[in-house]
Each structure stands twice: as C-alpha cells, then as structure tokens.
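The chain contents come next:
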Amino acid sequence: MVLALFPPSPTPTIFRLRARAATNGLTADTSSYAQDASFIKRAASLADNSAGLTSPHPNFGCVIVSPGAPGKIAGEGFLYAQGTTPAEVAAVEAAGELSRGSTAYLNMEPGDCHGDDSAISALVKAGITRVVVGMRHPLCHLRGAGIRALRSEGLQVDVLGEDLRSKIFEDALKSCRMVNAPLLYRAASRVPFSVLKYAMTLDGKIAASSGHASWISSKLSRSRVFELRGRSDAVIVGGNTVRRDNPRLTARHGGRHVPARIVMSQTLNLPEVANLWDVTEVPTIVVTQRGANRSFQRLLAAKGVEVVEFDMLNPRDVMEYFYDRGYLSILWECGGSLAAPAISAGVIHKVYAFVAPKIIGGKHAPTPVGELGMVEMTQALDLIDVSYEQVGPDMLISGFLQPIPDLAPVIPSVDETYAIDPSVAEFESKIIFFYKTWDPYGAFSNFSHHPIHMSDDSGNYVTWQSVEHYYQANKFVGGDDPMAEEYLNAIKSAASPEEAARLGRRLQRQHPELARPDWDSVKVDVMYNALKCKFSMYPHLHSMLLSTAGSVLVEASPHDLFWGGGRDGEGLNYLGRLLMKLRSEFLGEPSESSEETCLAF
C-alpha cells in the first residue's frame with residue numbers, strides 16, 4: 001500500500017457530510033447508489049474494449065445519463081488507443097444536447113495527456129452537472145488533478161470510496177481496479193504488469209519426457225491465449241521454448257493490436273532459422289548477457305531483430321528495462337526454468353493455468369515452474385482472488401500472486417504539497433525528459449493527439465490525425481506506383497498514431513522499393529515541418545514549449561537511438577533537438593528557416 005505523506009485535499013463539506021451519513025446508514029438512497037454502481041461498472045466494461053490498444057494510457061470509459069430519462073444511457077464512449085479521442089469527448093458527442101444537466105460516470109478520473117484538458121473541457125462545455133469517478137488516477141502527477149479541475153468548474157464530483165461509501169460500490173470499485181490493474185501494478189512496482197500463462201496436464205506436465213507439447217490444451221483454450229496476447233504489449237519466452245517449439249507468438253485473434261516478441265537467452269545458443277526471426281509482421285527483441293555469442297548477434301541484427309545486452313541477465317533487470325521503455329503489460333509464455341526465477345524475482349503478478357483432462361506421466365517430463373527453493377508446503381505461494389472457468393474440456397484457473405495495489409490513500413500533487421509546506425517546491429532540472437504521452441511533457445511526443453493541417457504537393461491543405469501519421473505516410477510520397485499511394489492512404493486513415501507507426505514501419509520493411517529513395521536524407525525535415533505546424537496550431541502547446549526555455553529537451557526512449565536519447569544516453573535525440581530548434585525560432589533567436597507548409601489558426 002502506498003501511504004500518503006500529507007492529508008488529502010479538503011473535500012467540500014456537503015460531500016463529506018453526505019459520505020459520513022451514507023456510511024452511518026442515515027440518508028443512504030439504496031436505489032440511487034445501485035444506479036451509480038451499475039453505471040460505473042458499465043464505464044469499466046466499456047473501458048475494457050480497448051485493453052492492449054491504449055497502452056501506455058489507462059483504459060478509460062465514460063457513460064452519460066440524462067436526468068430526463070433516469071436509468072437510461074444518453075451517450076457513452078471509450079478511449080480507443082493512445083493518441084485518439086478521449087472517452088469523455090466521445091460520450092458527450094454521442095449524447096448531444098442530452099448532456100446538459102446530466103451525470104457522467106467515469107471508471108477513472110480524467111488524465112490530461114494532451115496538454116489541453118480536452119476531456120474536462122468536454123464535460124464542462126456540455127453542461128454536465130455531476131461526475132461520478134470510480135477511482136483516482138494512479139500516476140502521481142495526474143492523481144487528483146482532474147477531480148480538482150472539475151470541482152473548480154462547479155461540478156459535483158463523487159469518488160467511490162471517498163464521497164460514496166457503501167458495500168453496494170464494492171463490486172463497481174473492483175471492476176475499475178481490474179480493468180486498469182496493469183497500470184496500478186506498474187505504478188506501484190515500477191515494472192510492467194506481468195502474467196504467467198501455461199497449459200499443463202492433470203498430472204502437472206507441460207510436455208512429454210521427449211519435449212513434445214502439441215497440443216496439451218484445447219483449441220478453445222488456445223483462442224483464449226490469443227486474446228491474452230492481444231491485451232499485452234509483449235510476449236516473452238526463454239531460449240528453451242525457441243529451440244523446442246519454434247513458436248510464432250502472434251495474436252491471431254482478428255484484432256489490430258499485435259504484441260512485440262521478447263526472447264530471453266543468456267548464451268544465445270539459439271537456432272539460426274526460427275519463426276521469431278521473421279520480423280516483417282511483428283518485431284522481435286532478444287535480451288541477453290553482455291558479450292554473448294557476438295556472431296549470432298550480428299546474424300540477428302542482419303535479420304532486423306533487436307538485441308539488448310545486460311551486464312547480468314535476470315528477470316528483474318529485464319522488466320525494469322521494459323518499464324523504462326514504456327511497456328505496460330507483458331505475457332510470459334516461458335517454460336519452468338525461466339518461470340521460477342521470474343516468480344522468485346517478484347515480477348510475476350498474475351497466473352493463468354489451463355489444466356487439460358489428460359495424464360502423460362514421465363519422471364523427467366517438464367513442469368510449469370522450476371525450482372523455487374521451497375521445502376515445506378507452508379512456503380507455497382497462494383493465489384489471490386482466484387477464478388475458475390471451464391473452457392471447452394479444460395479448466396482455466398487464474399489468480400493474482402500479488403494483490404492489486406491499493407492506491408486509495410491520496411498521493412498529494414506538487415500543488416497540494418506546496419499548499420501544505422511552501423518550502424517544498426517542484427524539482428527544477430535543466431534537463432526535461434519526455435517519452436510517452438502520459439508524461440508531464442508528453443504532449444511533446446509525435447504520438448500525441450493533436451491533428452495538424454499540412455499542404456500537399458498541389459498546395460491543398462490536408463488534415464492528419466497526428467504528427468506520426470504525417471511522418472509515416474511521407475515515406476511513400478512522390479512515387480508513381482499506385483501501391484505506394486494505397487499505402488499512404490492506409491497510414492493516413494490508421495485509427496491511432498501507434499497503428500500508423502506500426503503500419504508504416506512494416507510496409508517499409510516489406511516493400512523497401514516503394515519507399516521514397518531520399519527518405520533518410522529528408523525525414524528530419526519532414527518531422528520538423530510537422531512539429532512546427534503542431535506547435536503553431538495549438539497555443540497551449542506553444543506556451544508549454546516556450547516554458548522550457550533554458551532547459552535541454554530529451555526524448556527519453558531507451559531503444560530509439562535516432563529520435564531518442566537511448567538507454568544510456570547514447571542516442572542522437574533528434575526529436576529533442578528539433579523541439580529545441582523550434583523553441584529557439586519561436587523565441588526569436590537565430591534559427592534556420594523552414595518551409596511554411598502548415599495551416600495555423
């Protein structure tokens with residue numbers, strides 16, 4: 001549990017009194033509470049529709065209920081993916097005029113990831129009078145900010161467990177925590193939320209003594225595994241799995257999200273030919289010990305596989321690295337020899353065990369988890385919040401190895417802390433890091449949700465959903481091949497910046513002949529022109545950029561050595577450089593001129 005160092009912001013008296021009365025059973029309106037709980041659960045259910053797509057953002061859902069039709073939904077929406085329309089904006093647009101005087105139900109308080117308070121503004125401008133929030137934002141720099149902003153605009157804000165206290169809300173609050181469990185674990189443990197999945201026979205074997213393992217579980221169970229992959233940022237296996245099973249580790253669930261594939265191998269004693277080395281559709285990252293099998297590393301690099309070295313290869317260090325890389329959720333599909341150290345390191349949070357009604361026997365047949373060093377049954381790890389589900393002929397047993405972090409105590413923001421103790425001020429650094437759009441300066445990211453208007457070759461202005469959409473599409477500009485034009489349009493219509501990036505990178509790998517031949521020499525200018533348009537169009541972004549004067553801006557991606565700063569500061573940080581150049585230009589300092597291709601308002 002995270003303990004508050006300072007008391008929370010004072011709750012308005014009317015809300016404190018109502019919460020106290022409800023707790024004491026004095027004025028509790030069971031029917032009203034049941035309705036609030038029901039709509040919060042609906043918001044959480046909506047939010048879950050985009051699990052795996054919103055990373056690194058939380059899963060947001062919003063339900064609007066009009067007082068003119070109590071019990072009926074006027075509009076609803078959810079955040080589809082990072083860099084797309086906020087759930088609150090989508091719900092308000094769906095409800096239209098019915099929003100006025102209505103109640104909005106949110107599974108989590110709004111988090112300003114765009115730098116413009118778009119979610120809060122949508123609720124205020126629509127005339128929403130009451131907001132019911134399932135839980136506060138788990139990230140410290142966003143926690144409580146949305147609630148304070150809504151209350152400052154005169155809206156009544158009720159938070160489950162704070163302003164609304166009743167057993168009726170227990171299931172609703174649990175549903176809010178469950179739908180964003182990955183972010184809660186990530187915020188508390190500073191590693192990605194990790195799920196260990198395995199299929200075993202009734203006698204606890206994951207393969208025969210020969211190593212043969214196809215198939216232990218049923219086709220229905222395997223479909224569920226594809227769904228689990230689709231909800232994850234990455235799937236991780238060990239070297240034994242690569243050698244024995246030659247897996248593909250694709251989602252194959254019909255969804256748009258395809259997780260990255262991670263191979264953890266200390267020696268890199270791996271086959272030269274493997275399905276995982278084909279990165280035309282899905283990227284593969286191999287993590288290994290520093291200096292291991294250099295010739296094989298070169299072979300992997302030639303195939304487009306990324307290799308990351310560690311001084312000492314262990315699950316904790318690897319997960320901390322992928323935490324820094326921005327990963328939210330990882331599915332472990334490894335064998336027992338890797339599962340055991342991962343559990344011992346405390347990086348596994350949940351387990352999914354598919355138990356097939358089969359017996360294979362075998363003294364040396366492998367089991368799901370290797371040696372943990374336990375000698376008495378009293379040392380066994382108990383699962384928490386266990387669920388049982390029959391999937392075809394198999395039984396799926398799932399549960400948490402670690403309880404969902406309770407972040408209920410209010411973590412004060414910098415503003416709250418300063419109000420309590422004026423001597424405590426925000427740390428001022430000469431270096432400002434940004435990476436994901438949830439960071440305090442996340443709006444600097446080329447993945448942020450800020451459409452831009454850029455002129456094409458004919459001088460006509462075209463709207464692009466984000467800087468990343470424009471950047472990726474420009475790889476295929478200027479060619480006569482109709483397929484290149486098709487690719488350009490596909491990237492332009494991608495539903496999110498992440499999808500645009502994934503599509504552009506994949507098409508460039510698969511059809512390098514269709515990419516413009518001068519791309520490497522012009523891509524910096526393409527990015528700069530798009531950034532200039534973005535920071536010219538949006539006054540709040542313009543002000544945010546100017547507020548960093550005197551500071552070095554670093555895109556903190558640990559893996560992008562061109563646009564980012566790299567893992568150990570070895571990256572070229574071109575995105576940070578371009579932003580500093582743009583800042584200098586806006587401040588009227590000497591700077592190279594760039595072509596005016598942006599339509600600013």
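Small disclaimer: the values here were computed from a predicted structure and weren't measured. (Residues numbered from 1 in each chain as written. Predicted model: local features only at pLDDT ≥ 70, side-chain atom pairs only at ≥ 80, totals over all residues. Heavy atoms only, no water.)

## Details of the pairing of strand β11 (residues 329–332)
Going residue by residue along β11, you find Ser329 and Leu331 tucked away on one face and Ile330 and Trp332 tucked away on the opposite face as well. Where strand β6 (residues 193–201) meets β11, 4 bridges bridge the pair, whose relative direction is parallel. By the bridge assignment for β11, Phe193 is matched with Ser329. Pairing of strand β7 (residues 234–238) with β11, which is carried by 3 bridges, proceeds in the parallel orientation. Pairing of Ile236 across the sheet is with Trp332, part of β11. (Buried < 20%, exposed > 50% of the residue type's maximum accessible area, 1.4 Å probe, protein only. Helix = DSSP H or I, 4+ residues; strand = E, 2+ residues; numbered from the N terminus. Pairing = 2+ DSSP bridges.)

## Some remarks on the environment of Ser221
Within the secondary structure, Ser221 is located in helix α8 (residues 219–230). Separated by 169 residues in sequence, Ser221 and Gln390 have C-alpha atoms that sit 9.4 Å apart. Look past the residues within four positions of Ser221 in its chain and what remains in contact with it is Phe354, Val391 and Asp394. Among the polar contacts made by the side chain of Ser221, one reaches the side chain of Asp394 at a distance of 2.6 Å. (Contact = heavy atoms within 4.5 Å. Polar contact = N/O pair within 3.5 Å; in protein donor to acceptor, adjacent residues only side chain to side chain.)

## Some points on the sheet that holds strand β1 (residues 61–65)
Read from one edge to the other, the open sheet built from 5 strands follows the order β2-β1-β3-β4-β5, with strand pairing classed as mixed. With one partner strand each, in any of the chains shown, β2 (73–78) and β5 (156–159) form the two edges of the open sheet. Averaged over all adjacent pairs, the angle separating strand axes in this sheet is 15 degrees, with direction ignored. In this sheet, strand β4 (residues 130–133) lies alongside strand β3 (residues 103–106) in parallel orientation, the contact comprising 4 bridges. Opposite Tyr105, over in β4, you have Val132 as the bridge partner. (Axes fitted to C-alpha atoms, helices over the stretch in contact; angles between N-to-C directions.)

## What to know about the packing of aromatic side chains
Going through the model one piece at a time under the given rule, you end up with 18 aromatic pairs. Their ring planes at 75 degrees and their centres at 5.6 Å tell us that Phe476 and Tyr487 sit as a pair that is edge-to-face. Of the two residues, Phe476 sits in the loop between α14 (467–473) and α15 (482–492) while Tyr487 sits in helix α15, which places them 11 residues apart along the sequence. Just as Phe476 is buried, Tyr487 falls in that class too. In textbook terms, an aromatic cluster arises when at least three aromatic residues are bridged by ring pairs, as seen for Tyr471, Trp519, Phe562, Trp563 and Tyr574. Over the face of the ring belonging to Trp215 we find Arg222, whose NZ or CZ atom lies 4.3 Å from the ring centre. Between Lys492 and the ring centre of Trp464, over which it is positioned, the NZ or CZ distance is 5.6 Å. (Phe/Tyr/Trp six-rings, centres within 6.5 Å; stacked < 30°, edge-to-face > 60°. Lys NZ or Arg CZ within 6 Å of the ring centre and 35° of its normal.)

## Focus: the sheet that holds strand β12 (residues 350–356)
One open sheet holds the 9 strands; their spatial order is β10-β9-β8-β7-β11-β6-β12-β14-β13, and the pairing between them is mixed. At either margin of the open sheet sits one strand with a lone partner, and together these are β10 (306–310) and β13 (384–391). Averaged over all adjacent pairs, the angle separating strand axes in this sheet is 20 degrees, with direction ignored. Bridge analysis of β12 against strand β14 (residues 394–400) gives 6 bridges, and the strand direction is antiparallel. Within β14, the residue paired with Val351 across the bridge is Gly399.

## Notes on unusual backbone geometry
In the Ramachandran plot, Asn246 falls in the positive-phi region, its phi being about 45 degrees despite a non-glycine side chain. Given a relative accessible area of 33%, Asn246 falls into the partly exposed group. At Asn573, a position not held by glycine, the phi torsion is positive, near 55 degrees. Positionally, Asn573 belongs in the loop between β18 (552–555) and α19 (574–586).

## Focus on the packing of helix α18 (residues 539–546) against α19
Where α18 meets α19, the axes come as close as 9 Å, and the angle between the chain directions of the two elements is 100 degrees. Here α19 runs roughly perpendicular to α18, going by the angle between their axes. Here His542, Leu545 and Leu546 of α18 come into contact with α19, specifically with Leu579, Leu582, Arg583 and Phe586. (Parallel < 35°, antiparallel > 145°, perpendicular 65-115°, else oblique.)

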